Amino acid sequence: MNNKIFSDSAFIKTLKVFLTTVHHSGPIQDSIYHEAIHYFQNEPLQTEQLHNLQQDRNTALHELENNDKDSLNTKLKNKLAQADQLLKKFKLQIREERLARLQKIKMLTNEIIDFCYGDNLEETNIRFAKVLGCQLLLVPTSAKAAVRYNHCNKHLYRAVLSLKLFDQLLAEGLIKNKFVSESYALSLNNGNDEIKQRIHIPLVIVSLLLDIGNFHPDAQAILTGPEGKLDELRALDNDERIALLKINYQQTINYITEGLGLDQYIGNSKAEKAEFDQLEIQKISFIKDLLLKSVNPQQGIGNVIKVPQIYTSIVMSSKLNFAYNTVPKAFLILDKGVERNSHSQIAVDTLLKITGLYPQGFGITYIPKDDNGDDLPRYEYAIVNRLYPDDPHAPLCRIVTKNLTFVSNGDDVTLNTSQNLYYPANRKKLEQISPERLKEILSKLWSNFEQRQQETSLIPSCWQPQEYFSYAKHQNLWNKTVI
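Thresholds applied
Here the residue index of a chain counts from 1 through its sequence in written order. Owing to the predicted nature of the model, reporting of local features is limited to residues with pLDDT of at least 70; listing and counting of side-chain atom pairs is limited to 80 or more, with chain, interface and lining totals taken over all residues. Computation of side-chain values covers all heavy atoms of the structure but excludes hydrogens and water. The helix and strand labels rest on DSSP assignments: H or I over at least four residues marks a helix, E over at least two residues marks a strand, and numbering proceeds from the N terminus. The cut-offs for exposure are 20% and 50% of the maximum accessible area for each residue type, with area from a 1.4 Å probe on protein chains only; residues under the lower value are buried, those over the upper are exposed, and the others partly exposed. Contacts were defined at the residue level, with two residues in contact if any of their heavy atoms lie within 4.5 Å. Areas reported here follow the Shrake-Rupley algorithm with a probe of radius 1.4 Å; residue values treat only the protein chains shown as occluding. Think of it this way: Lys and Arg go in the positive column, Asp and Glu in the negative one, and His and the chain ends go nowhere. For charged residues, the charge sits on one atom: NZ in Lys, CZ in Arg, CG in Asp, CD in Glu. Orientation is described by lines fitted to C-alpha atoms, with helices fitted over the stretch in contact, and by angles between N-to-C directions that extend from 0 to 180 degrees. For classification, angles of less than 35 degrees are called roughly parallel, those exceeding 145 degrees roughly antiparallel, those between 65 and 115 degrees roughly perpendicular, and all remaining angles oblique. Left-handed describes a crossing whose near helix is turned anticlockwise from the far helix by less than a right angle; the clockwise case is right-handed. Here a polar contact means two N or O atoms within 3.5 Å. Within protein one must be a hydrogen donor candidate and the other an acceptor candidate, and residues neighboring in sequence count only if both atoms are side-chain atoms. Any pair of Phe, Tyr and Trp rings, taking the six-membered ring for Trp, is counted once the centres come within 6.5 Å. Such a pair is stacked with planes under 30 degrees apart, edge-to-face with planes over 60 apart, and tilted for the rest. Lysine NZ or arginine CZ positioned within 6 Å of the ring centre and within 35 degrees of the ring normal marks a charge as sitting over the ring. We count a salt bridge whenever a side-chain nitrogen from Lys or Arg sits within 4 Å of a carboxyl oxygen from Asp or Glu. As a per-residue measure, pLDDT tells how confident the predictor is, with possible values from 0 to 100.

### Remarks on the overall build of the chain
Argument step 1. Tallying secondary structure elements over the chain gives 17 helices and seven strands in all.
Argument step 2. A principal-axis box enclosing the C-alpha atoms of the chain has dimensions of 105 × 55 × 50 Å.
Argument step 3. A buried classification covers 48% of the 483 residues belonging to the chain.
Argument step 4. In the chain, 68% of the contacts between residues at least 6 apart in sequence involve partners at least 24 apart.
Argument step 5. Approximately 24,500 Å² of the chain is accessible, and the part contributed by carbon and sulfur atoms is 51%.
Argument step 6. Each charge class in the chain was averaged separately, 56 positive and 56 negative side chains, and the resulting centres sit 1 Å apart.

Structure, rendered in structure tokens:
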């Protein structure tokens, strides 16, 4: 068989590089999450080594200052100089390791942001839809495999969604934050790079690393048990959950402020260095503010982190009881949070305006209509492929089957609530069709139907397009067609 049939487009290859650079489960531990794990594991020893070197230096200095024998002066001075050199060398090593981690995540974040933006708003919206949609379309069909996949790959989805939500709230004047306002004012004069460097990069870093504290040894002891034998994705009891939340927050702050820290100015201008250092302090303060307020955002800036976090936890769920057909219920969970005043109604409504009820890449089953607008006695497949639907209940989709045959050049359509089989009333319309005919329909839409027919209903509320999307010719769901 020709491998090109299953090869990835350049877009998806780049996306997969981003995903594995953030986190992966492979044997080579080179992701930014692996770097954090190594930092957490080495931090106690590194702290002890630094303390010992400082003690050695202090001891050498004390001996020199209290020496009353001229014959020992040279020896003690050499001892102090050697202690100073060892301490300085170790501090430099720590600094270089920290800056290497910081540069890696800043470079990745910069590339992710560039990947999401086009030359105009329309192109940008399509690229955001594509980045989000491809991630859901890459999720394995098997629920067990999907959970493991999502555990490693949800970070990027959450970060991209946070970025889009922030932009929409900013465009509508709904963000009240001094640093954001100052940065936006500067961008009006100096260009969008001001927003990118001052706001977008810190925002994406926070969203990518929101779970990083869960990889601290203390958190892992809760997740996997004292002997490391429990499934880290299991449901926790309330005490475990509260303890884990505290550790994750504390160690995420620790990693971002100490494990990454402030960037280093390169140049010879004292004025530029002072300006650079001041901006670095402002950015780390903004990052801390985002993390703190994401815990209990209410009406504040933390909503740009918290609301996408909750949404992603449903759409890219890593819970062992994950079921694909629950993906469109994310806003039910978000609305309950609004009722408890744990996050903002405005932020939830804005996200709903962006995504609609159905996430990008979600598989829609629908009843097609004939030329007279009457329902046909069958269902077809479509995939959600555009943001900003006019009606959040009526997703913008790409048709991927016609007359029960898969196609790669379907039209873009709006599927209204009277067609979408996610609604029980529409599934009921098809119950008049004989089981034999329904099996025939399903056999044309499912590969290996005879072996898999117990896996789904004869009238499915949705479908999982991962297998369809694995074919190279089906991967361009976002090229322009007439809507």
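### Some details on the packing of helix α6 (residues 178-190) against helix α10 (residues 270-295)
Argument step 1. One can describe the packing of α6 onto α10 by two numbers: an axis separation of 10 Å at closest approach and a directional angle of 130°. By the criterion of interaxial angle, the relationship of α6 to α10 is oblique. Crossing of α6 against α10: the hand is left-handed. In this structure, α6 uses Phe 179, Val 180 and Glu 182 to contact α10, whose residues at the interface are Leu 279, Gln 282, Lys 283 and Phe 286.

### Details of the side chain of Ser 317
Argument step 1. For Ser 317, the position within the fold is in the loop between α11 (303-315) and α12 (330-339).
Argument step 2. Classification of Ser 317 by relative accessible area gives buried; the value is 6%.
Argument step 3. Reaching out from Ser 317, the side chain makes a polar contact with the backbone nitrogen of Lys 319 at a distance of 3.1 Å.
Argument step 4. Those residues in contact with Ser 317 that sit more than four places away from it in its chain are Ala 146, Val 147, Asn 150, Thr 312 and Phe 322.

### Remarks on the packing of aromatic side chains
Argument step 1. The final tally for this structure, using the stated rule, is 21 aromatic pairs.
Argument step 2. Taken together, a centroid distance of 5.4 Å and an interplanar angle of 65° make the contact between Tyr 39 and Tyr 255 edge-to-face. One end of the pair, Tyr 39, is in helix α2 (residues 32-65); the other, Tyr 255, is in helix α9 (residues 238-260), and 216 residues separate them in sequence.
Argument step 3. Residue Tyr 39 is classed as buried on the basis of its relative accessible area, which comes to 9%.
Argument step 4. Since its relative accessible area comes to 2%, Tyr 255 is described here as buried.
Argument step 5. Put simply, the rings of Tyr 379, Tyr 381, Phe 406, Trp 463 and Tyr 468 pair up and form one aromatic cluster.
Argument step 6. The ring of Phe 115 carries Arg 127 above its face, with NZ or CZ at 5.3 Å from the centroid.

### Some points on unusual backbone geometry
Argument step 1. The phi torsion at Asn 341 lies on the positive side, around 65°, for a residue other than glycine.
Argument step 2. Take Asn 341: it is sitting in the loop between α12 and α13 (345-355).
Argument step 3. The phi dihedral of Asn 403 is positive, around 55°, even though this residue is not glycine.
Argument step 4. Within the secondary structure, Asn 403 sits in the loop between β4 (401-402) and β5 (405-406).

### A closer look at the pattern of salt bridges
Argument step 1. In this structure the tally under the stated criterion is 22 salt bridges.
Argument step 2. Put simply, Asp 211 and Arg 158 hold a salt bridge, and the shortest N to O gap is 2.8 Å. Taken as a pair, Asp 211 in the loop between α7 (193-208) and α8 (217-224) and Arg 158 in helix α5 (residues 143-171) lie far apart in primary sequence, 53 residues in all.
Argument step 3. Among the ionic pairs, Asp 277 bridges to Lys 273, the shortest N-O distance being 2.7 Å. Placement of the pair is Asp 277 and Lys 273 together in helix α10, with a separation of four residues, close to one helical turn.
Argument step 4. Owing to a relative accessible area of 26%, Asp 277 belongs among the partly exposed residues under this scheme.
Argument step 5. Salt bridges linked by common partners bring Lys 369, Asp 375 and Lys 429 together as one network.

### Topic: the side chain of His 151
Argument step 1. Counting through the fold element by element, His 151 comes out in helix α5.
Argument step 2. By relative accessible area, His 151 is classed as buried at 16%.
Argument step 3. Once residues lying within four places of it in the same chain are set aside, the contact partners of His 151 are His 23, Phe 215, Glu 232, Leu 233 and Ser 318.

### What about the confidence of the model for the chain?
Argument step 1. Counting all residues, the mean pLDDT for the chain is 92, and 96% of those residues have values of 70 or more.
Argument step 2. By mean pLDDT, helix α16 (residues 449-452) is the weakest element of the chain at 65, and strand β2 (residues 380-384) is the strongest at 98.

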